[in-house]
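# Coordinates in review
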Amino acid sequence: MEKKTEDRSPTNRAVITGCGSFVPSKILTNEDLARMVDTSDEWINSRTGIKTRHLTSDEESTAYLATEAAKRALQYAGLDAEDLGLIVVATITPEMVFPSTACFVQQALGAKKAWAFDIGAACSGFVYSLHLVHQLIENGRLDSALVIGAETLTKITNWKDRSSCILFGDGAGAVVLQRKQNAGRGILYSTVGADGTFWEALNCQAYGSRHPVSRPLDNPDKVYMQIKGREVYQQAVRRIVDAVTDCLEHCGLTLDDVAMVISHQMNARIIESAAKRLNLPEEKVFINIQNYGNTSAASVPIAFDECVRHSKIKKGDIVIFVAFGAGVTWGANVIEF
Ligand code: UT7
């Protein structure tokens, strides 16, 4: 239920008070993949940095992963689900066409007062969601929210296409945002963008209104994710560099002020190449793609949760989240944790 009155106090801050993540237990290794398609551990690892990824079973759905991550984030924040004002799920692999995955999470958590919706900005979905929720909280329209990135990409993976099936994994990450006054920390700034002219670089075309289930597909592979890896690679590096530079300039920060940059984990080589162009030292760039593969909207909150729980990020640290994905879309957030 949305708040009826606004508290436009300029001291309202959207503070991350909790984080959590969850991945399914089943693991698929590069060696497993080499038995399925013409590839090798050496090729996958040297081109992407990926060693293993987690796979959902038939029974594990996106809402299930999202709910498990959400429970951990709520516990960290010490917040009851009943007190939540909003649930946003960033996903391109929703529970079903409708209702939204967020409504299933709301039901599972018993978050009766929360309104709920999904955001479909692909790998940038979590960063986009933080940007939106930040505005609602700072405007005084909202006291608290759960922002979740949750994906079951292996359910739309073409296991015969070696150029894409090696990349993706399943998982979910969540943060709790709460309105705090005079907190002196929180989300400081976000930058977001999109360029639909590049939609063909990354997509999954069936079954939407352009290719409805009632008409036979001209190409049966349209039920799967399709990517033009090279094109994505080049754009991703440029957009990540530009988004992080925008954050630093807008907030008047130098790299010395930043404790960690958490990029969407799409390819370790893309992240390393962007970090090099930014002159970011290795210890300020977190990479965990070796364990999870590309989990799209879930990758930034999973990485953030891992950093927090292993004390790589501490209270008061400045952290930059940055992402690039289908659409194409991109974005970044500056957080004082
Ligand atoms: O989050 C956004 C979604 N993520 C992406 O879209 C991924 C972005 N792109 C990438 O990560 C990289 O472009 C890939 C990892 C997908 C591909 O790496 P690449 O260095 O760009 O390779 P490539 O596509 O230029 O292919 C090089 C060669 C080709 O063979 P030929 O034509 O040179 O003989 C491919 O057929 O590698 C071949 N190849 C493979 N070989 C072994 C492609 N996939 C594989 C494979 N194993 N799995």
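Higher on the page you've got the structure.
First, a word on scope: everything that follows refers to the structure included in this document. Just so it is clear, the structure is predicted and the values come from calculations on it, not from any experiment.

Moving on, we get to the overall build of the protein chain. Tallying secondary structure elements over the protein chain gives ten helices and 14 strands in all. Its C-alpha atoms give the protein chain a radius of gyration of 19 Å, within 12% of the compact-globule value 20 Å for 337 residues. Along the three orthogonal principal directions, the C-alpha set of the protein chain runs to about 55 × 45 × 35 Å. The proportion of buried residues among the 337 residues of the protein chain is 56%. Within the protein chain, contacts between residues at least 6 apart in sequence are counted, and of these 78% link residues at least 24 apart. On the protein chain, roughly 14,600 Å² of surface is accessible, and the fraction owed to carbon and sulfur atoms is 50%.

For the rest of this paragraph, the subject is the packing of helix α7 (residues 229-251) against helix α8 (residues 268-278). Two elements in contact, α7 and α8, have axes whose closest approach is 9 Å; the angle formed by their N-to-C orientations is 40°. It follows from the interaxial angle that α7 and α8 lie oblique. Considering the relative orientation of α7 and α8, their crossing is right-handed. From α7, R230, Y233, A236, V237, I240, V241, V244 and T245 reach across to α8, where they touch R269, I270, S273, A274, R277 and L278. Split by residue class, the contact of α7 with α8 holds nine nonpolar, two polar and three charged.

Considered for burial, the residues of α8 that qualify are A268, I270, I271, A274, A275 and L278. Along α8, the residues classed as buried sweep out an arc of 165° about the axis, all on the same side. Opposite its buried face, α8 presents the exposed residues K276 and R277, each directed more than 90 degrees away. Contacts made by the buried residues of α8 are with α2 (41-48), α7, β11 (260-263), β12 (285-286) and α9 (289-292). Taken from the residues just after α8, N279 is the one with a positive phi, measuring 60°.

Here is what the cut-offs are and how they apply
Residues numbered from 1 in each chain as written. Predicted model: local features only at pLDDT ≥ 70, side-chain atom pairs only at ≥ 80, totals over all residues. Heavy atoms only, no water. Helix = DSSP H or I, 4+ residues; strand = E, 2+ residues; numbered from the N terminus. Rg over C-alpha atoms; globule rule 2.2 N^0.38 Å. Buried < 20%, exposed > 50% of the residue type's maximum accessible area, 1.4 Å probe, protein only. Contact = heavy atoms within 4.5 Å. Areas by Shrake-Rupley, 256 points an atom, 1.4 Å probe, with all protein chains shown as cover. Axes fitted to C-alpha atoms, helices over the stretch in contact; angles between N-to-C directions. Parallel < 35°, antiparallel > 145°, perpendicular 65-115°, else oblique. Left-handed = near helix turned anticlockwise from the far one by under 90°. Nonpolar A, V, L, I, M, F, W, Y, C, P; charged D, E, K, R; others polar. Arc of directions from axis to C-beta.

As far as function goes, none of this settles anything; it's purely spatial.
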